[in-house]
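Examining the three-dimensional arrangement
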Amino acid sequence: MTLHQVSRSHRPRPDFEYIDLNPTEGVWWQEALSGMQLRPKRVAPKFFYDQAGSWLFERITQLPEYYLTRAETALLQAKGPEIGEALGSDCELVEFGCGNSAKILDLLSVLERPRGYLAIDISREPLLELCAKVAATHPGLPVQGLRADFSQFLKLPRLKGRAERKVIFFPGSSIGNFDPPEAVDFLSHARETAGPGGSLLIGVDLKKDRELLEAAYDDAQGVTAMFNKNLLARLNRECGGDFNLDAFRHRAFYNEGPGRIEMHLESLRSQEAHVFGEKLTFEAGETIHTENSYKYRIQQFQDLAAKAGWQPERVWLDDARLFSVHLLRGEA
Ligand code: AVI
């Protein structure tokens, strides 16, 4: 979608600009449905994030087993002054997949004279909440919210601040949700977006014990299971679907070869379901592969980023070496 198809709307208190590209309008379920007609069945994780899914994801980030958010937030806070110094003054921030995460506030608090903030997310409500929060806490900072599917290599709106350089902020190890070739494409696009002299500050989850990894994606309270099943619940809510959620189970396991957590929805029996009257059949034990979450070693991630023209500058780890935050500079 191009920018002239954009609907621009100003909120009642015009303290930030909101641009909505309606990324999932109309066609989302067709893509999900075609994925479920493949063998093996596969649906992209971006479809988790309607309002209910975004709320469930927020609950995941607070779970005792989901160490990623806690480790990254602690790292951004503990190493904040070093990060601020390494990024330098007068930069403009572009955050991909921000949700309603407060990490940007930690980053803004250590930056000298930030010149603007552009937040991009597929889900409307968390994006609006975050922009309102940033605008309220940083009066005078130009804030823009763009609702879009950032995996689709968008042309971004012109940023409002007059900045020396752009910093792309991509926390949360969302890069892990791309398969490596797609991750290189995404990082190349980020490199173009960053422009000359631009940087990338990116959170990347590290390889570790299988037990710790699997618990993070299959928590005792069953929140991740609800998040996974929200895909089917959403098809029921929005697309006349008749999935029986109790006839599927959440599965999450570490696949050592590719180095990734895989999430699946497994059919507990042979059954059929319908979406807008279209029939889908499931064998007992057949799964819908709903998400990959790749885990990297430091060097392995730096090698991947180098393929997209990013040079490693700094890397910070938490004390338990669970999570990494990389600062990369675009090759001249
Ligand atoms: C958004 N993303 C980085 C999360 C992850 O850890 O891969 C999504 C998630 N899936 C299950 N739990 C969290």
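Now for a quick tour of the structure. (Residues numbered from 1 in each chain as written. Predicted model: local features only at pLDDT ≥ 70, side-chain atom pairs only at ≥ 80, totals over all residues. Heavy atoms only, no water.)

One face of the sheet, then the other: side chains in a regular strand alternate in exactly this way. One ladder, built from five bridges, connects strand E11 (residues 271-275) with strand E12 (residues 278-282); its direction is antiparallel. Within the sheet, the bridge partner assigned to Gln-271 lies in E12 and is Phe-282. Between E11 and E12, which pair antiparallel and follow one another directly, the connecting turn spans two residues, one of which, Phe-276, has a positive phi of 45 degrees. (Pairing = 2+ DSSP bridges. Helix = DSSP H or I, 4+ residues; strand = E, 2+ residues; numbered from the N terminus.)

Looking now at the site of the ligand. The full set close to the ligand counts 14 residues, and Tyr-66, Asn-177, Tyr-217, Glu-291 and Ser-293 are the nearest of them. Here a nitrogen atom of the ligand and a side-chain polar atom of Asn-177 are 2.9 Å apart. One of the side-chain nitrogen or oxygen atoms of Ser-293 is found 2.7 Å away from an oxygen atom of the ligand. Look at the ligand: alone it shows 340 Å² of surface, and the protein chains cover 97% of it. Listing elements by their share of the shell around the ligand, those giving two or more residues are helix H2 (51-61), helix H9 (223-238) and strand E13 (287-294). (Near = heavy atom within 4 Å. Polar contact = N/O pair within 3.5 Å; in protein donor to acceptor, adjacent residues only side chain to side chain. Areas by Shrake-Rupley, 256 points an atom, 1.4 Å probe, with all protein chains shown as cover.)

This part is about the sheet that holds strand E10 (residues 260-267). Taken in spatial order, the four strands make up an open sheet running E3-E13-E10-E9, and their pairing is mixed. Sheet topology places strand E3 (41-42) and strand E9 (248-255) at the edges, where each strand pairs with a single neighbour. As judged from the two bridges shared by E3 and E13, these two strands associate in the parallel manner. Bridging from a neighbouring strand, Lys-41 pairs with Ile-288 of E13.

So, on to the pattern of salt bridges. Counted according to the given criterion, the structure contains 23 salt bridges. The partner of Glu-286 in a salt bridge is Lys-41, and the shortest N-O contact between them spans 2.7 Å. Here Glu-286 is found in the loop between E12 and E13, whereas its partner Lys-41 is found in strand E3, with 245 residues between them in sequence. Residues Glu-286 and Lys-41 agree in their burial class; the two are buried. Beyond isolated ion pairs, a larger network of salt bridges with shared partners links Asp-50, Arg-234, Arg-237 and Glu-238. (Salt bridge = Lys/Arg side-chain N within 4 Å of Asp/Glu carboxyl O. Buried < 20%, exposed > 50% of the residue type's maximum accessible area, 1.4 Å probe, protein only.)

Below, the discussion takes up the layout of surface pockets. Rolled over the atoms, a probe with the dimensions of a water molecule shows which regions are left empty. Estimated volume of the largest pocket: approximately 1,300 Å³. Contributing to the lining of the largest pocket are 49 residues, with Tyr-49, Gly-97, Phe-150, Ser-174 and Asn-177 lying nearest its centre. The set of elements that each furnish at least two residues to the lining of the largest pocket consists of H2, helix H3 (67-78), helix H5 (103-110), helix H7 (180-194), H9 and E13. Per element, the largest residue contribution to the lining of the largest pocket is five residues, and it comes from H2. Looking at the lining of the largest pocket residue by residue, the class counts come to 18 nonpolar, 17 polar and 14 charged. (1 Å grid on protein atoms, 1.4 Å probe; cavity = no way out; pocket = protein on both sides within 12 Å on 5 of 7 lines; lining within 4 Å. Points joined across faces, edges and corners; volume = space filled by probe spheres on them. Nonpolar A, V, L, I, M, F, W, Y, C, P; charged D, E, K, R; others polar.)

How two aromatic rings sit relative to each other is given by the distance of their centres and the angle of their planes. As enumerated under the stated definition, the model contains 20 aromatic pairs in all. One cation-aromatic arrangement involves Arg-234 over Trp-28; the distance from NZ or CZ to the ring centre is 4.0 Å. (Phe/Tyr/Trp six-rings, centres within 6.5 Å; stacked < 30°, edge-to-face > 60°. Lys NZ or Arg CZ within 6 Å of the ring centre and 35° of its normal.)

This next bit is on the state of the cysteines. This structure, assessed with the given rule, holds zero disulfides. Left without a disulfide partner, Cys-98 is nearest to the cysteine sulfur of Cys-131, which lies 6.4 Å away. For Cys-131, a relative accessible area of 0% translates into the label buried. (Disulfide = S-S within 2.5 Å.)

Attention now moves to the side chain of Ser-199. Along the chain, Ser-199 turns up in strand E8 (residues 199-205). Classification of Ser-199 by relative accessible area gives buried; the value is 0%. For Ser-199, the residues in contact, after removing those within four places along its chain, are Leu-87, Lys-166, Val-167, Ile-168, Ala-194, Trp-310, Leu-327, Leu-328 and Arg-329. (Contact = heavy atoms within 4.5 Å.)

Attention now goes to H7. Side chains three or four residues apart in an α-helix point the same way, a direct result of the helix having 3.6 residues per turn. Between the first and last C-alpha of H7 there are 20 Å, a value that for 15 residues agrees with the 21 Å anticipated at 1.5 Å per step. Of the residues making up H7, those classed as buried are Ala-183, Val-184, Phe-186, Leu-187, His-189, Ala-190, Arg-191, Thr-193 and Ala-194. Contact partners of the buried residues in H7: strand E4 (91-96), strand E7 (165-170), E8, helix H10 (298-306), strand E14 (310-317) and strand E15 (323-330). Immediately downstream of H7, the backbone of Gly-195 shows phi near 70 degrees, a positive value. (Expected span 1.5 Å × (residues − 1).)

Geometric values such as these leave the question of function open.
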